[in-house]
Amino acid sequence: MTSVLPVVVDSASEFCSTYDVTGPTAFVIRPDGYLGHRGLEGVIENLTKTFAR
């Protein structure tokens with residue numbers, strides 16, 4: 001089974017300026033709205049743990 005996760009691109013840089021992002025960064029927002037992960041390193045591992053069965 002394949003899951004499709006929504007991806008939001010901050011083309012207006014509103015999110016980046018709010019969270020003081022200065023370079024390439026990935027954010028994983030949990031379904032409850034909390035930040036689950038910030039950064040490029042470890043994002044795959046975080047998603048794997050989150051969606052592992």
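Before any of the text, the structure's been laid out above.
Residues numbered from 1 in each chain as written. Predicted model: local features only at pLDDT ≥ 70, side-chain atom pairs only at ≥ 80, totals over all residues. Heavy atoms only, no water.

Undergrad: Hey, could you run me through the environment of R38 in this one?
TA: Within the fold, R38 resides in strand β2 (residues 35-38). Residue classification places R38 among the partly exposed residues on the basis of a relative accessible area of 41%. Sequence separation of R38 and V28 is ten residues, and the distance between their C-alpha atoms is 6.6 Å. Apart from the residues within four sequence positions on either side, R38 is in contact with Y19, D20, V21, T25, A26 and F27. In this structure the side chain of R38 is engaged in a polar contact, spanning 3.2 Å, whose partner is the backbone oxygen of Y19. (Helix = DSSP H or I, 4+ residues; strand = E, 2+ residues; numbered from the N terminus. Buried < 20%, exposed > 50% of the residue type's maximum accessible area, 1.4 Å probe, protein only. Contact = heavy atoms within 4.5 Å. Polar contact = N/O pair within 3.5 Å; in protein donor to acceptor, adjacent residues only side chain to side chain.)

Undergrad: Can you walk me through the pattern of salt bridges in this structure?
TA: Any two side chains of opposite charge can pair if their charged atoms end up close together. The full count for this structure, using the stated rule, is one salt bridge. Here R30 ties to D32 by a salt bridge, and the two come within 2.6 Å at their closest N and O atoms. Judged by its relative accessible area of 40%, R30 is partly exposed. (Salt bridge = Lys/Arg side-chain N within 4 Å of Asp/Glu carboxyl O.)

Undergrad: Could you clarify how one ought to interpret the environment of G39 in this entry?
TA: Note on placement: G39 falls in the loop between β2 and α2 (43-51). Accessibility expressed as a relative area gives 15% for G39, which makes it buried. For the pair formed by G39 and V28, sequence separation is eleven residues and the distance between their alpha carbons is 8.9 Å. Look past the residues within four positions of G39 in its chain and what remains in contact with it is T25 and A26.

Undergrad: What am I meant to see in unusual backbone geometry here?
TA: Trans is the common state for peptide bonds, and a negative phi is the common state for residues other than glycine. Backbone geometry at S13 places phi at a positive 60 degrees, although glycine is not the residue there. Considering the arrangement of structural elements, one finds S13 in the segment before α1 (14-18). Residue S13 is classed as partly exposed on the basis of its relative accessible area, which comes to 38%. In this structure, D20 is a non-glycine residue whose phi angle is positive, near 55 degrees. Overall, the relative accessible area of 59% leaves D20 in the exposed class.

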